[in-house]
Amino acid sequence: MALEQALQDGLLLRHVYGLIVAHLRDHNLTQAATAVATATMTPLNVDVPPNKLLDLVYKGLAIERDEVARGTGSVTATEVVGGPTAACYGPLPILPLNSLDFSSVQETKGSSKKFPKHDARHISEHKNVARCARFSPDGRLLATGSADTSIKLFEVDKVRQMMMPDGNSREGPVRPVIRTFYDHLQPINDLDFHPQSAVLISGAKDRTIKFFDFSKAAAKRAFRVIQDTHNVRSVAFHPCGDFLLAGTDHPIAHLYDVNTFQCYLSSSLQDVHVDGAINQVRYSTNGGMYVTASKDGGVRIWDGVTAQCVRAIDKAHGSTEATSAIFTKDQRYVLSCGKDSTVRLWEVGSGRQVKQYVGAQHQQMRCQAVFNHTEEFILCVDESNNELVAWEALTGDISSWPSNHVGTPRWLEHSPSEAAFVTCGTDRSVRFWKETF
């Protein structure tokens, strides 16, 4: 029996190795796939259905959650993905089992979905331009940063309560701002939440990245500070939470160890963006890659482990700036936005453009294009008409509606967990939009 069990365990282990190698290979992490294949003597060309590992993990986690809910599981609730909880934090959302298939995006024609109507509410105002916003990974919190150097933290449940017809009538006015931080000397450019802990980071023109502990109600100042050498335009935590990336006026993204503050740079000179500053940097879902959008119009994809450039899309937006770039959930595509008034979808593996979204002008501000939470729609702004726009992701059909801001919104950020998004404006206001039911 012991021998039979050992053989069964060995077969299972071989199967697991194959799943890992295929997952890394299919997500363009060739170097990592080769290393694992060599170490485990697994064929690099092992035949596994696409996203099989993700499917199995998703199903296993669902079963584990059910067991915990029934009290029959052997793990605690905080050990389930959905995972670690912290003050004011809920379980992290699990990726959908099937993300939108963009492989046939070029051929998709005919009837398309209509972007749902959304209700909007002015939820707060800064003393100067509201420059950026970010939702927490679970969608329960929202942070905004301003040219007035302040950061506001909102509880989304309270925002929803504000938007109810009788939301302010029962126990006085609802106040969705639960924290306000003041610790920067110059305008704030970007924000991000730690994937597990109650920590918010901000990057600003004062060349600093600051860490705020929002579990403490009385905290107004940062408890840790990274002093960079350049204007910090964009920040992003690695999904593990131990590292963060900073896109700055320097041509290479700065990788920081969160525990030691050690800074790492890519050693390959050919990886340098031709014309300097990085407007945005974002990690892929599993942190195996990150993408940068540059002022020179280039979009580049980097290995998340070696920091080597694995795919350069030079002049992705011609001679104009690439203002934003993000991965799809399955990590196979990158969505970029540029000052050439286009939004483009790129295939990571080949670097080819698979779709272009047009019909909105954005030539002045560093606006970004984002997916909604299901990736069925792409949202952006139209500066010429002071409108918000939504493209149906597969067909490219566009719809638009007034922004309700005085002047074009500077930033648009969608919730990762529900049909809701936020806009920030040069009129200093923050507006929350949620689907009308």
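Throughout this description, residue numbers start from 1 for each chain and increase along the sequence as written. Local features are withheld for residues below a pLDDT of 70 in this predicted model, meaning they are given only at 70 or higher, and side-chain atom pairs are given and counted only at 80 or more; totals for whole chains, interfaces and linings count all residues. Side-chain measures here rest on the full set of heavy atoms in the structure, leaving out hydrogens and waters.

Draft legend 1. Focus on the sheet that holds strand E27 (residues 420-425). Here, any two strands with at least 2 DSSP bridges between them count as paired. A run of DSSP states H or I qualifies as a helix once it reaches four residues; a run of E qualifies as a strand once it reaches two. Both are numbered from the N-terminal end. Pairing is antiparallel across the open sheet formed by four strands, whose spatial order is E1-E28-E27-E26. Each edge of the open sheet is held by one strand with a lone partner, namely strand E1 (118-125) and strand E26 (409-414). This sheet shows a mean twist of 20° between the axes of neighbouring strands, independent of strand direction. Bridge count between E27 and strand E28 (residues 429-435): five bridges; the pairing is antiparallel. The residue of E28 that forms the bridge with Cys424 is Val430. Packing against the sheet, helix H4 (residues 156-163) makes contact with E1 and E28, and its axis sits at approximately 115° to E1. Between N-to-C directions, angles span 0 to 180 degrees; the directions come from axes that are lines fitted to C-alpha atoms, helices contributing only their stretch in contact. Contacts were defined at the residue level, with two residues in contact if any of their heavy atoms lie within 4.5 Å.

Draft legend 2. Region of interest: H4. Any residue under 20% of the maximum accessible area for its type is buried, any over 50% is exposed, and the rest in between are partly exposed; the area is computed with a 1.4 Å probe on protein chains only. Listed in full, the buried residues belonging to H4 are Val156, Val159, Met162 and Met163. Seen along its axis, H4 keeps its buried residues to an arc of 110°; they face one direction. Each element contacted by the buried residues of H4 is listed here: E1, strand E2 (130-135), strand E3 (141-146), strand E4 (150-155) and E28. Think of the arc as the fan of directions from the helix axis to the C-beta atoms.

Draft legend 3. A look at the nonpolar core. Residues Ile123, Leu142, Leu200, Phe214 and Phe432 are the most contacted members of the largest nonpolar core, which totals 33 residues. Judged by nonpolar contacts, the second largest core, of 30 residues, contains Val354, Ala369, Leu412 and Trp433. We call a set of buried residues a nonpolar core when its members are Ala, Val, Leu, Ile, Met, Phe, Trp, Tyr or Cys and they connect through side-chain atoms within 4.5 Å of each other.

Draft legend 4. Representation of the pairing of strand E17 (residues 309-313). As paired strands, strand E16 (residues 299-303) and E17 are joined by four bridges and run antiparallel to one another. Along E17, the bridge assignment pairs Val299 with Ile313. Between E16 and the antiparallel strand that follows it, E17, lie five residues; Ala307 among them carries a positive phi value of about 60°.

Draft legend 5. The arrangement of the pattern of salt bridges in detail. Any carboxyl oxygen of Asp or Glu within 4 Å of a side-chain nitrogen of Lys or Arg constitutes a salt bridge here. According to the stated counting rule, one finds 20 salt bridges in the structure shown. Where Lys117 meets Asp119, a salt bridge forms, and the shortest distance between an N and an O atom there is 3.8 Å. The partly exposed category is assigned to Asp119, whose relative accessible area is 31%. Between Arg140 and Asp138 there is a salt bridge, with the nearest N and O atoms lying 3.9 Å from each other. Here Arg140 falls in the partly exposed class, since its relative accessible area comes to 44%. Three or more residues are tied together by salt bridges with common partners; here these are Arg134, Asp190, Asp192, Arg282 and Glu413.

Any functional reading would require information beyond the geometric quantities listed.
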